[in-house]
Amino acid sequence: MTWHVLGAGSLGGLWAARLARAGQPVRLLLRNPQRLAQYHAAGGLTLEENGVRQILPLSAEAITDSAPIHRLLLASKAYDAATAARALHARLAPGAEVILLQNGLGSQDQVASLLPQARCIFASSTEGAFRRGDFHVVHAGAGHTWLGTVPPSPAPEWLGELAQAGIAASWTADILGRLWRKLALNCAINPLTVLYHCRNGGLQAHGEEVAALCAELVALLLACGQADAAVDLQAEVERVIAATAANYSSMYQDVAAGRRTEIGYLLGHACHEAAQRQLALPRLQALEQRLRAHLGARGLPQD
Ligand code: NAD
Ligand code: KPL
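Everything numeric here is computed off the predicted structure, so don't read it as measured data.

Counted by the stated rule, this structure contains 16 salt bridges. For the salt bridge of Glu61 with Arg91, the shortest nitrogen-to-oxygen distance reads 2.3 Å. Residue Glu61 is located in strand E5 (residues 59-62), and its partner Arg91 is located in the loop between helix H3 (78-88) and strand E7 (92-100); the two are separated by 30 residues in the primary sequence. Through salt bridges with shared partners, a single ionic network connects Arg18, Arg21, Glu49 and Glu127.

If you want it as structure tokens, here you go:
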């Protein structure tokens, strides 16, 4: 079974390169024929790990091709996932499996409703990768990927292919809990690093604010039926801040580089879910407003 991978960015490129190196059939799905021509001119996808660069001439095609897709890894940003799903709708075979590798929440449901013929598998990953340039991916930090469906279902047999390819992954019956927990961590850390213009460790000077946000996030998780994701949230946030003290958060890096953030699927989703439940979370709502204003002042999308 061919692994179709959209897009050829950081995580998509990392998975595609690893699967192909393990002998799995992989085809990259590129935005249009021009992008495909650029890919061919680059000679393939470059994966850089531990300072070693390897060019992998993976097969690729434009998303506008017509061959049916049976297994898709959708590895776009959350705000691009629905557009990509619409573009691929006609190509997805009945019963196709679609792995949704988006951070945050909200995009998975959008895609699942656009692709009723597919089995959508949600993923939450702690891998670290970035793009050094077009079709050039750097694996910056080993992590783990959790996969599962809503409602829970048995693991697919290809899970073993991931292990053979060196992709550390586990199947979970509680993928929503995993996604909510990561969303809560991101909401407690990332926006403040943008507003205080600091590394994650800089938040140690704002302990009270972090604690107050964690208390509201716990209230939200409980209201959303995510009690397991709420356990010891503040302690884990403090652990992550200490363990990643020298790092800039992903949202900080996006803003610094003038890139769109995934705010709509992180803090925006949290505030939306609170509003749906008429749950007053003043700190979180004020944080969302401050962050949106900050993004707007820099000419960046506020959603
Ligand atoms: P990325 O921007 O590096 O890659 C996304 C790719 O998708 C880009 O190459 C883009 O051109 C492509 N794309 C988007 N729409 C497309 C379309 N319609 N047709 C073809 N290609 C399309 O993003 P990323 O860092 O790989 O992140 C993907 C998701 O994984 C995000 O939600 C992110 O938060 C999450 N994540 C990333 C990391 C990481 O270390 N990079 C870690 C954990 C989670
Ligand atoms: O995932 C992160 C990010 O930067 O996006 C951490 C390190 C957990 C900070 O929220």
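Still more ground to cover, so stick around.
With that settled, the discussion passes to the nonpolar core. Grouped together as the largest cluster of nonpolar side chains are 60 residues, with contacts concentrated most on Leu72, Leu74, Val98 and Val237. The element contributing the most residues to this core is helix H6 (residues 175-195), with eleven residues. Counting residues in hydrophobic clusters, the runner-up holds 33 residues, among them Leu45, Leu58, Phe135 and Trp171.

Examined against the element boundaries, Glu49 turns out to sit in strand E3 (residues 45-49). Note on Glu49: relative accessible area 18%, which makes it buried. Of note is the side chain of Glu49, whose polar atom sits 3.0 Å from the side chain of Arg18. Apart from the residues lying within four places of it in its own chain, the contact partners of Glu49 are Arg18, Arg21 and His139.

As a further point, take the UniProt feature "domain: Ketopantoate reductase C-terminal" (unreviewed entry) in the chain. The sites that carry the UniProt feature "domain: Ketopantoate reductase C-terminal" (unreviewed entry) are, in the present numbering, residues 174-293. Structurally, residues 174-293 is divided into 68% helix and 0% strand, and its ends, taken at the C-alpha atoms, are 35 Å apart.

Time to look at the domain arrangement of the chain. In terms of domains, the chain is made up of domain 1 (3-173) and domain 2 (177-297). Centre-to-centre separation of domain 1 and domain 2, based on C-alpha positions: 26 Å. Contact with domain 1, which involves 17 residues of that partner, is made by 13 residues of domain 2. Summed over both sides, the interface of domain 1 with domain 2 buries roughly 1500 Å², with 59% coming from carbon and sulfur. When the buried surface of domain 1 facing domain 2 is broken down by residue, Tyr79, Asn103 and Leu105 rank first, second and third, together holding 50% of it. At the boundary of domain 1 with domain 2, the tally comes to zero salt bridges. Counting across the domain 1 and domain 2 interface gives six residue pairs in polar contact (both at pLDDT 80 or more). Broken down by secondary-structure element, the contributors of at least two residues to the side of domain 1 that touches domain 2 are H3, helix H4 (107-114) and strand E8 (119-125). Per element, the largest residue contribution to the side of domain 1 that touches domain 2 is four residues, and it comes from E8. Within the side of domain 1 that touches domain 2, the residues separate by chemical class into six nonpolar, ten polar and one charged.

On to the UniProt feature "domain: Ketopantoate reductase N-terminal" (unreviewed entry) in the chain. UniProt's feature table lists "domain: Ketopantoate reductase N-terminal" (unreviewed entry) at residues 3-151, given in the numbering used throughout. The distance separating the terminal C-alpha atoms of residues 3-151 is 24 Å; by composition the span is 28% helix and 41% strand.

Below, the discussion takes up the sheet that holds strand E9 (residues 128-133). Here four strands make up an open sheet; going across it, the order is E4-E3-E10-E9 and the pairing mixed. Looking at strand neighbours, the two that pair on one side only are strand E4 (52-56) and E9, the edges of this open sheet. For this sheet the average axis-to-axis angle between neighbouring strands, irrespective of direction, equals 25°. Looking at chain direction, E3 and E4 are connected through five bridges and run antiparallel. Bridge pairing in E4 links Glu48 to Arg53. Sitting on the sheet, helix H1 (residues 10-21) touches E3, E4, E9 and strand E10 (136-141), and the angle it makes with E3 is about 90°.

A few words on the site of ligand 1. Taken together, 24 residues are adjacent to ligand 1, and Ser10, Leu11, Asn103, Ala129 and Glu262 come closest. Taking Glu127, its main chain carries an N or O atom lying 3.3 Å from an oxygen atom of ligand 1. One nitrogen or oxygen atom from the side chain of Arg131 is found 3.0 Å from an oxygen atom belonging to ligand 1. When the free accessible area of ligand 1 is taken as 830 Å², the share hidden by the protein chains comes to 87%. If you list the elements that add at least two residues to the shell around ligand 1, you get H1, H3 and E9. Here the residues of the shell around ligand 1 sort into ten nonpolar, eight polar and six charged.

Cut-offs and rules
Residues numbered from 1 in each chain as written. Chains lettered and ligands numbered in written order. Predicted model: local features only at pLDDT ≥ 70, side-chain atom pairs only at ≥ 80, totals over all residues. Heavy atoms only, no water. Salt bridge = Lys/Arg side-chain N within 4 Å of Asp/Glu carboxyl O. Helix = DSSP H or I, 4+ residues; strand = E, 2+ residues; numbered from the N terminus. Core = buried A, V, L, I, M, F, W, Y, C linked by side-chain atoms within 4.5 Å. Buried < 20%, exposed > 50% of the residue type's maximum accessible area, 1.4 Å probe, protein only. Polar contact = N/O pair within 3.5 Å; in protein donor to acceptor, adjacent residues only side chain to side chain. Contact = heavy atoms within 4.5 Å. UniProt positions renumbered as here; feature names shortened; annotations may be inferred. Domains from an automatic or database assignment. Buried area = accessible area lost by both parts, 1.4 Å probe. Nonpolar A, V, L, I, M, F, W, Y, C, P; charged D, E, K, R; others polar. Pairing = 2+ DSSP bridges. Axes fitted to C-alpha atoms, helices over the stretch in contact; angles between N-to-C directions. Near = heavy atom within 4 Å. Areas by Shrake-Rupley, 256 points an atom, 1.4 Å probe, with all protein chains shown as cover.

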